[in-house]
Amino acid sequence: MKMIIAVVKPAVTEAVIDALTDTGISGLMVSEVRGYGRQKGHTEIYRSAEYEVTLVPKVRFEIAVDDSLVDVVVDTIARVAHTGRIGDGKVFVLDLLSALRIRTGEKDSDAVAA
């Protein structure tokens, strides 16, 4: 099993969710986060004053999947979130040692399956 963590622009949130649903993913977690990468933030002007915004709003997806779905999920996120501009995001794939569905007691791959 793997845990996929993706950080993307807020504008693509719904498109990523829809695309992942179409691939058969039945559960995921979404969080609003702030951070920066290579762009190191940006400058905004508000009421004639210039402000440095160092932490940019992003959306973080966390998806636990069986090993057989990793490539499909990563490719789907990369395809849908890609704009070609700086700040498109990142995808991380981590080993997931164990999972438990509390309601049924199912463990590991059975717990993350639909």
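Below, the structure is looked at part by part. Since we're looking at a predicted model, the values are computed, not measured.

**Digging into the sheet that holds strand β1 (residues 2-8)**
- Here we have 4 strands laid out as an open sheet, ordered β2-β5-β1-β6, and antiparallel in their pairing. In this open sheet, the two strands that pair with only one neighbour each are β2 (29-35) and β6 (89-95). Here the strands of the sheet are splayed against their neighbours by 20° on average, with no regard to which way each runs.
- Pairing of β1 with β6, which is carried by 7 bridges, proceeds in the antiparallel orientation. Residue pairing in the sheet places A6 in a bridge with V91 of β6.
- Across the sheet, helix α1 (residues 13-22) lies against β2 and β5 (56-65), angled at about 10° from β5, the strand it touches most.
- In this fold helix α2 (residues 70-81) packs onto β1, β5 and β6, with an angle of close to 5° to the strand it touches most, β1.

**Things to note about the side chain of E62**
- Looking at where E62 falls in the secondary structure, it is placed in strand β5.
- For E62, the side chain forms a polar contact with the side chain of R60, separated by 3.3 Å.
- Other than its neighbours up to four places away in sequence, E62 contacts M3, I4, I5, L28, M29 and S31.

**What to know about α1**
- Among the residues making up α1, those that are buried are T13, V16, A19 and L20. Down the axis of α1, the smallest arc covering the buried residues is 135°, so these residues share one side. Facing away from the buried side of α1 by over 90 degrees, the exposed positions are E14 and D22.
- On its buried side, α1 packs onto β2, β5 and α2.
- Looking one or two places after α1, you find G24, whose phi comes out positive at around 100°.

**Considering the nonpolar core**
- Core analysis: the biggest nonpolar cluster contains 17 residues, and I63, V73 and I77 have the highest contact counts within it.
- Elements with a minimum of two residues in this core: β1, α1, β5 and α2.
- Looking at this core element by element, the count peaks at 5 residues for α2.
- Residues contacting I63, with those up to four places away along its chain left out, are K2, M3, I4, L20, I25, G27, L28, V73 and I77.
- Core analysis: the second largest hydrophobic core is formed by 6 residues, M1, M3, I5 and A111 among them.

About the cut-offs
- Residues numbered from 1 in each chain as written.
- Predicted model: local features only at pLDDT ≥ 70, side-chain atom pairs only at ≥ 80, totals over all residues.
- Heavy atoms only, no water.
- Pairing = 2+ DSSP bridges.
- Helix = DSSP H or I, 4+ residues; strand = E, 2+ residues; numbered from the N terminus.
- Axes fitted to C-alpha atoms, helices over the stretch in contact; angles between N-to-C directions.
- Contact = heavy atoms within 4.5 Å.
- Polar contact = N/O pair within 3.5 Å; in protein donor to acceptor, adjacent residues only side chain to side chain.
- Buried < 20%, exposed > 50% of the residue type's maximum accessible area, 1.4 Å probe, protein only.
- Arc of directions from axis to C-beta.
- Core = buried A, V, L, I, M, F, W, Y, C linked by side-chain atoms within 4.5 Å.

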